[in-house]
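Spelled out from the first residue to the last, the chains are:
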Amino acid sequence: MSDLAIFGGNPAVVEKPPHNPWPIINEDDRAAVLAQLDESISIYDNGGIFKKFESKFSKLHRRKHALLFNSGTAALHSAYFSLGLKPGEIVIAPSYTFPASVTPIFSLGGIPKLCDIGTDGNICFESLTRINLQGVKALVITHIWGIPCDILKISQFCKEHRIFLIEDCSHAHGSRFDNTLVGSFGDIAVWSLQGQKTISGGEGGILLTNADLLYERALLFGHYNKRCYQEIESTHNFSEFRGTGFGLKMRAHPLAIALADSQLSRLEQFLNCRQFYADKFHRLLEQFDFIETPDLSQKFCNFYRLSFVIKNDSKVKVDLFHEALIAEGACEFDRLGSTMPLSRLALFKRPWEVYPIYQKSSYPGADNDDLRVADQYYINSIRLPIWSDRSWDHLADQYLSALKKVLTAAASGELDS
Ligand SMILES: Cc1ncc(COP(=O)(O)O)c(C=O)c1O
């Protein structure tokens, strides 16, 4: 199936279709970064653009503390440290997420225990309730592709069992559950501000929490000197560590945060536009019974990616389906990739090869019979980075036509195994 019609039959155009540009850098962004360049390119305390962005972000999510980092991974690392995670203690994590949601646990000697996901890609609450909680300190969840998890049930579960809850909101800037922004439910929440993210500084991360002690420990873990002297009282247990922090430096770059701050002022605009396009794609996808789209009742998704699944029991071959979309010029439909079942990764299977704190003979292992849905989702799901600007209407229409054509071909058995 190689019909080039939708891009006018010109192979040159098909080879290089218009790309979804992200982040969209406008004049305001350029001005903000240039102004920051003149103001300062290193901020040692909690002032300037750091203060501006942190207070906006914490106010938006109604959290007491905000702390910027140079990456989402660093923010997650600090979040795990802040909980006082000790070697051998367990953190439950979804079996399907971007690895960095979980990988910082290894450098602290913790043990990830993977929990299966549901057919929307998010951690499955029923699977969670079946896990033996002995030795479990925390649960990390990812609102995958921007779809909020069943976060009320999950946070209730964590409270009942006295488990810390970390929300990885790196895909979910602006997503809401029951009209409350994700990142407002857990003990700690973390967002990446990396180049692909809905709010981006190119690189960066931010952590929010209401808990003073978690904030202070996260601060001292990756920041030192001025900011710590500013924020940690001289009477505090950790006051003597203010000069050195706990030994690492994870401070953000002011130019990155100036860009992220400028982008944050357009968040609503991005979300409205994505919602507009996502509705059109959902209306089409929902006409085909071999497709599953996520259940978004009670949920507002930021559509970091528009995701759908070819149902596991369908005869349609997902690789043929995806190839057909690409052949139609709809090249940004994406599958597989580095967000994947973590049990397949060497670091999860054999952490003792790189971290001496683990021993091969006693490591519990990443394999778990109950992770089937994660594998199925990984194989059968397809995603689209949806446009955030209405100047892409023409391309959205071309993608909709391509998708309709491929769905129709699949429904008539042309893409069966
Ligand atoms: C779900 C998730 N968590 C964490 C991260 C890590 O963030 P960063 O790349 O900013 O370190 C990412 C980045 O892609 C992510 O998608």
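Residues numbered from 1 in each chain as written. Predicted model: local features only at pLDDT ≥ 70, side-chain atom pairs only at ≥ 80, totals over all residues. Heavy atoms only, no water.

Draft legend 1. Fine view of the packing of aromatic side chains. Scanning all chains against the criterion turns up 26 aromatic pairs. Considering the side-chain rings of Phe238 and Phe246, the 5.3 Å spacing of their centres and the 80 degrees angle between planes classify their relative orientation as edge-to-face. Since its relative accessible area comes to 25%, Phe246 is described here as partly exposed. Taking 5.4 Å as the distance between ring centres and 90 degrees as the angle between the ring planes, the aromatic pair formed by Tyr358 and Tyr363 counts as edge-to-face. Classification of Tyr358 as buried rests on a relative accessible area of 6%. Classification of Tyr363 by relative accessible area gives buried; the value is 11%. The ring of Trp22 has Arg274 sitting right over it, with the charged end atom 5.1 Å from the ring centre. (Phe/Tyr/Trp six-rings, centres within 6.5 Å; stacked < 30°, edge-to-face > 60°. Buried < 20%, exposed > 50% of the residue type's maximum accessible area, 1.4 Å probe, protein only. Lys NZ or Arg CZ within 6 Å of the ring centre and 35° of its normal.)

Draft legend 2. Structural context of the sheet that holds strand β15 (residues 381-384). In spatial order, the strands read β11-β13-β15; together these 3 strands make up an open sheet with antiparallel pairing. Each edge of the open sheet carries a strand with a single partner, namely β11 (291-292) and β15. (Pairing = 2+ DSSP bridges. Helix = DSSP H or I, 4+ residues; strand = E, 2+ residues; numbered from the N terminus.)

Draft legend 3. Geometry of the packing of helix α12 (residues 318-327) against helix α15 (residues 393-411). Direction vectors running N to C along α12 and α15 enclose 145 degrees, while the axes themselves pass 9 Å from each other. Viewed along their axes, α12 and α15 form a crossing whose handedness is right-handed. From α12, Phe321, Ala324 and Leu325 reach across to α15, where they touch Ala402, Leu403, Val406, Leu407 and Ala410. For the contact of α12 with α15, the per-class residue count stands at 8 nonpolar, no polar and no charged. (Axes fitted to C-alpha atoms, helices over the stretch in contact; angles between N-to-C directions. Left-handed = near helix turned anticlockwise from the far one by under 90°. Contact = heavy atoms within 4.5 Å. Nonpolar A, V, L, I, M, F, W, Y, C, P; charged D, E, K, R; others polar.)

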